[in-house]
Amino acid sequence: MKFVNVTDKNFEDIFLVSAKYEQWQYVKHQIFDMVNNYAAVINGEYLPIPFLVYENDNIIGFVQVNYFDRKNLYEICKLIVQETEQNKGYGKQILSEIIKWLCIRYGKGTIAANYKKSNSIADKLFSRSQFKKNVSEAEITAVMEINNRMTEELESEFEEIPYSTVDEFADKIKKSGKYPEEIIGNKDGINFRKINMKDCSKIIEFKLLENQEDYIMPFVDSMAESYSDLFEEEITVTYGLCNGEELVGLIEIRYVKGKDFPDLKDKMVYELFRILVDKEHQNKGYGTRGIKLFMDYVRKRPLGEANDIVLSVVEGNNVALSLYESFGFKIIGRDKYEHIAMKYVQ
């Protein structure tokens, strides 16, 4: 088996991993882990280590370890075996290899996993792997103490992870310019705020209006992509769109070469990559005021020099098209996805 860290290179593969229908009552889809992963890194909460598991280029499953380095704790927050590959011993093998990998990479600490008492599959898996169990009214915590003397040479192929702690990962993001500011704008009015862990549960529940679903990526997908964007060379920064303290949406700002836009191939541009407002907060002017704040912000060139501000609109989204035109954006052709490309014209 081959364990490959989830990055922008293989992010789409997480959608190919699916458990059996009845198993989803015990776990959420791994895309929700990606939402939390972004907030965890930029807030220094823990180091998320998600792996896609392959065998002969076939996807076998997904496993994620959350490393709390200050506690020397490794939480196995997700272990899914592909529905078509179950009952072949892969779950036990994946868990065994993860334990060995943690012993070799980190040397010592505590591995823990929490699951419902009714999850007999998880209970059997961790019991057979010699985990000790702490049982509460509705949940079981499986625990194992490890050290680097517990295992022989690692046999499975693990992709190298270029950081050991969440602080190390966060420092790398800061040096690359992708680390968000604490707040942009008036904190009592419309502002862009660094997303925290509590925000994630709200973002997961946010929805678009039904007539927007054909044109705009859902909140969960957008936020999950923000985690994969941390591994890209180009700069993308995600913020919560807030009205005072209240989170009402998302905004993503890019500082990139304009290669996706007509006649901007070798120029650096600021791109309004995505702005989303929850359906319960729409028709209150938050989107319009968010665009104005974006324009005021990027005119200061906070991430680097660029003379052009651009964005794209999906064909048929005439409401967004008219809104951007009211801010001075003009159609300049099509981007690489054949969406309507627009540039701000002073």
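Structure's up top.
How each quantity is defined
Residues numbered from 1 in each chain as written. Predicted model: local features only at pLDDT ≥ 70, side-chain atom pairs only at ≥ 80, totals over all residues. Heavy atoms only, no water. Pairing = 2+ DSSP bridges. Helix = DSSP H or I, 4+ residues; strand = E, 2+ residues; numbered from the N terminus. Expected span 1.5 Å × (residues − 1). Buried < 20%, exposed > 50% of the residue type's maximum accessible area, 1.4 Å probe, protein only. Axes fitted to C-alpha atoms, helices over the stretch in contact; angles between N-to-C directions. Parallel < 35°, antiparallel > 145°, perpendicular 65-115°, else oblique. Left-handed = near helix turned anticlockwise from the far one by under 90°. Contact = heavy atoms within 4.5 Å. Nonpolar A, V, L, I, M, F, W, Y, C, P; charged D, E, K, R; others polar. Right-handed = clockwise from strand over helix to strand, strands pointing away. Polar contact = N/O pair within 3.5 Å; in protein donor to acceptor, adjacent residues only side chain to side chain. Salt bridge = Lys/Arg side-chain N within 4 Å of Asp/Glu carboxyl O.

Colleague: Please explain the pairing of strand β6 (residues 132–135) as it appears in this structure.
Modeller: Strand residues, when the strand is regular, have side chains that alternate between the two faces of the sheet. Examined bridge by bridge, β6 and strand β7 (residues 139–147) share 4 bridges and lie antiparallel to one another. Pairing of K132 across the sheet is with V143, part of β7. Between β6 and β7, which pair antiparallel in sequence order, lie 3 residues.

Colleague: Help me understand helix α2 (residues 90–106) in this model?
Modeller: With 17 residues, α2 ought to run about 24 Å at 1.5 Å a step, and its terminal C-alpha atoms sit 24 Å apart, in line with that. Across the 17 residues of α2, 12 count as buried, placing the element largely inside the fold. Among all positions of α2, only Y90, G91, I94, L95, E97, I98, I99, K100, W101, L102, C103 and Y106 are buried. Downstream of α2 by one or two residues, G107 has phi in the positive range, about 90 degrees.

Colleague: Help me understand the packing of helix α1 (residues 30–42) against helix α6 (residues 219–229) in this model?
Modeller: Two packed helices can be described by the angle between their axes and the distance between those axes. Where α1 meets α6, the closest approach of the two axes is 7 Å, and the angle between their N-to-C directions is 50 degrees. Our classification of the angle between α1 and α6 gives oblique. Considering how the two elements wind past one another, α1 and α6 form a crossing that is left-handed. Contacts from I31, F32, M34, V35, N37, Y38 and V41 of α1 reach α6 at V220, D221, M223, A224, S226 and Y227. Partitioned by chemical class, the residues of the contact of α1 with α6 number 10 nonpolar, 2 polar and 1 charged.

Colleague: How should the sheet that holds strand β13 (residues 268–277) be read in this particular structure?
Modeller: Strands pair in a sheet through their backbones, by hydrogen bonds, and they do so in one of two ways: parallel or antiparallel. Strands sit in the order β9-β10-β11-β12-β13-β14-β16-β15 across an open sheet of 8 strands; the sheet is mixed. Strand pairing shows two members of the sheet lacking a second neighbour, β9 (183–185) and β15 (329–334), which therefore form its edges. Strand after strand, the sheet turns through a mean of 30 degrees between neighbouring axes, direction not considered. Across 9 bridges, strand β11 (residues 235–243) lies against strand β12 (residues 246–257) in antiparallel orientation. Across the sheet, Y239 pairs through a bridge with I251, a residue of β12. Its contacts with the sheet put α6 on β11, β12 and β13, and the angle it makes with β12 is roughly 45 degrees.

Colleague: Is there a simple way to think about the pairing of strand β4 (residues 73–81) in this case?
Modeller: In this sheet, β4 lies alongside strand β3 (residues 58–68) in antiparallel orientation, the contact comprising 8 bridges. Opposite F62, over in β4, you have I80 as the bridge partner. What sits between the antiparallel neighbours β3 and β4 is a turn of 4 residues, in which N72 has the positive phi angle 55 degrees. When β4 meets strand β5 (residues 108–116), the two strands line up parallel, connected through 3 bridges. Each bridged residue has a counterpart across the sheet, and for Y74 the counterpart in β5 is I111. As a crossover connection, the stretch from β4 through α2 into β5 is right-handed.

Colleague: Help me out: how do you make sense of the side chain of S228 in this one?
Modeller: As for its position among the elements, S228 is in helix α6. Judged by relative accessible area, which is 5%, S228 ranks as buried. Within the structure, S228 has its side chain in polar contact with the backbone oxygen of E225 (distance 2.8 Å). Setting aside chain neighbours within four positions, we find S228 in contact with T7, D8 and F11.

Colleague: Looking at this model, I keep getting lost on the pattern of salt bridges. Mind explaining?
Modeller: Close approach of charged atoms lets side chains of opposite charge pair. For the structure on display, the rule yields 20 salt bridges. Close ionic contact of E234 with K259 constitutes a salt bridge, the shortest N to O distance being 2.5 Å. Of this pair, E234 sits in the loop between α6 and β11 while K259 is found in the loop between β12 and β13, placing the two residues 25 residues apart along the sequence. Owing to a relative accessible area of 47%, K259 belongs among the partly exposed residues under this scheme. The shortest N-O distance in the salt bridge between D308 and K343 comes to 3.9 Å. Highlighted residues: D308 in strand β14 (residues 308–313) and K343 in strand β16 (residues 340–344), separated in sequence by 35 residues. For K343, a relative accessible area of 23% corresponds to the partly exposed category.

Colleague: Explain unusual backbone geometry here, please?
Modeller: One can expect most non-glycine residues to show negative phi and most peptide bonds to be in trans. The residue D57 is not glycine, and still its phi comes out positive at about 70 degrees. Judged by relative accessible area, which is 74%, D57 ranks as exposed. Located in the positive-phi region is N87, a residue other than glycine, with phi close to 65 degrees. Inspection of the secondary structure puts N87 in the loop between β4 and α2.

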